[in-house]
Amino acid sequence: MTRAAVPGLPSRYPIGATLPALYADDDFAQRFTAGLDTVLAPVLSTLDNLPAYFDPALAPADFLPWLSSWVGAGIDPTWPEDRRRAAVARAVELHRRRGTRRGLTEHLRLCFGVESEIVDGGGVTWSSEADSALPPAPTGELLVRVRPPAGHTVDETRVLAVVRASCPAHLTCRVEILPGAPADEPGSPT
């Protein structure tokens, strides 16, 4: 990310206009400060628009990787720009749900546009009856089945990397890629 001189960008705060009266009519002083105005105009413009740089919907595209580093979004540079912006905008919400089925489902939907089914090998149960049956022993595996939209494919290794990053450390992860949804099925793009 670099911000450089923008040809023709006028300064909102020309230095020559703020010089004492002695230099107001001095050609050299006006040309010298005009050169400074050319250099400072992009800086002042950036500062004037600073709130837009912190809004993922408005920030310049080359600013998104830096903005994503603030919220730990982990955006992929190969994603379309709208997906990268959405990932940055939803990063804090997804961090709040990290380690949950809903969080992983939403993260996969955001990253890859897939629907997913998560089979957790853990065992938890609740009962109001004393001496109720215990849950089965945990398998220690998290199985994630993803179904891409009709006509689309996803890279299993990339999906597995996202799942591993979201999975509790004590579980192993496995990903299955299911065939895409039929075109006439509800929720599939047409």
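First things first, this report covers the structure right here in the doc. What you see is a predicted model; the values in this text were computed from it and never measured.

### Some points on a nonpolar patch on the surface
Item 1. On the surface, Phe 28, Phe 32, Leu 36, Val 39, Leu 40, Val 43, Leu 47, Leu 50, Phe 54, Trp 66 and Trp 70 cluster together into a nonpolar patch covering about 1100 Å² of accessible area.
Item 2. Going through the elements one at a time, helix 2 (27-48) and helix 4 (64-71) are the ones with two or more residues in the nonpolar patch.
Item 3. Here the nonpolar patch gets seven residues from one element, more than from any other, and that element is helix 2.
Item 4. In this fold, Leu 40 is placed in helix 2.

### Observations regarding the pattern of salt bridges
Between side chains of opposite charge, a pair can form when the charged atoms approach closely.
Item 1. In total, this model carries 14 salt bridges according to the counting rule given.
Item 2. Of the charged contacts, one joins Arg 90 and Glu 93 as a salt bridge, the two residues approaching to 3.3 Å between their closest N and O atoms. Of this pair, Arg 90 and Glu 93 are both found in helix 5 (residues 81-96), three residues apart, which corresponds to roughly one turn of the helix.
Item 3. Under the relative-accessibility criterion, Arg 90 is labelled partly exposed at 26%.
Item 4. A relative accessible area of 26% places Glu 93 in the partly exposed class.
Item 5. Here Glu 117 makes a salt bridge to Arg 145, at a shortest N to O gap of 3.2 Å. With Glu 117 in strand 1 (residues 115-120) and Arg 145 in strand 2 (residues 141-147), this pair connects stretches of sequence that are 28 residues apart.
Item 6. Connected through shared salt-bridge partners, Arg 90, Glu 93, Arg 97, Arg 102 and Glu 106 make up one network.

### Some details on helix 4
Item 1. Every buried residue of helix 4 is listed here: Leu 64, Leu 67 and Ser 68. Mapping the buried residues of helix 4 onto a view down its axis gives an arc of 100°, with all of them on the same face. Exposed and facing more than 90 degrees away from the buried side of helix 4 are Ser 69 and Trp 70.
Item 2. Where helix 4 is buried, its residues touch helix 3 (50-53) and helix 5.
Item 3. Just beyond helix 4, the residue with positive phi is Gly 72, at close to 65°.

### What to know about the packing of helix 6 (residues 101-112) against helix 7 (residues 156-166)
Item 1. Two elements in contact, helix 6 and helix 7, have axes separated by 11 Å at closest approach and are oriented at 145°. Judged by the sense of rotation from one axis to the other, the crossing of helix 6 with helix 7 is right-handed. Between helix 6, through Leu 104, His 107, Leu 108 and Phe 112, and helix 7, the contact on the second element is made entirely by Arg 158, Val 159, Val 162, Val 163 and Ser 166.
Item 2. For the contact of helix 6 with helix 7, the class distribution of residues is six nonpolar, two polar and one charged.

### Considering the nonpolar core
Item 1. One finds Leu 108, Phe 112, Leu 142, Val 144, Val 159 and Val 163 to be the most contacted residues of the largest nonpolar core, which totals 31 residues.
Item 2. Ranked by residue count, the leading element in this core is helix 6, at five residues.
Item 3. Val 144 has contacts with Leu 104, Leu 108, Ser 116, Glu 117, Ile 118, Val 163, Arg 174, Val 175 and Glu 176, leaving out every residue within four places of it along the chain.

The rules behind these values
- Residues numbered from 1 in each chain as written.
- Predicted model: local features only at pLDDT ≥ 70, side-chain atom pairs only at ≥ 80, totals over all residues.
- Heavy atoms only, no water.
- Patch = residues over 30% accessible without salt bridge, like charges linked within 9 Å, V, L, I, M, F, W, Y side chains within 5 Å.
- Areas by Shrake-Rupley, 256 points an atom, 1.4 Å probe, with all protein chains shown as cover.
- Salt bridge = Lys/Arg side-chain N within 4 Å of Asp/Glu carboxyl O.
- Helix = DSSP H or I, 4+ residues; strand = E, 2+ residues; numbered from the N terminus.
- Buried < 20%, exposed > 50% of the residue type's maximum accessible area, 1.4 Å probe, protein only.
- Arc of directions from axis to C-beta.
- Contact = heavy atoms within 4.5 Å.
- Axes fitted to C-alpha atoms, helices over the stretch in contact; angles between N-to-C directions.
- Left-handed = near helix turned anticlockwise from the far one by under 90°.
- Nonpolar A, V, L, I, M, F, W, Y, C, P; charged D, E, K, R; others polar.
- Core = buried A, V, L, I, M, F, W, Y, C linked by side-chain atoms within 4.5 Å.

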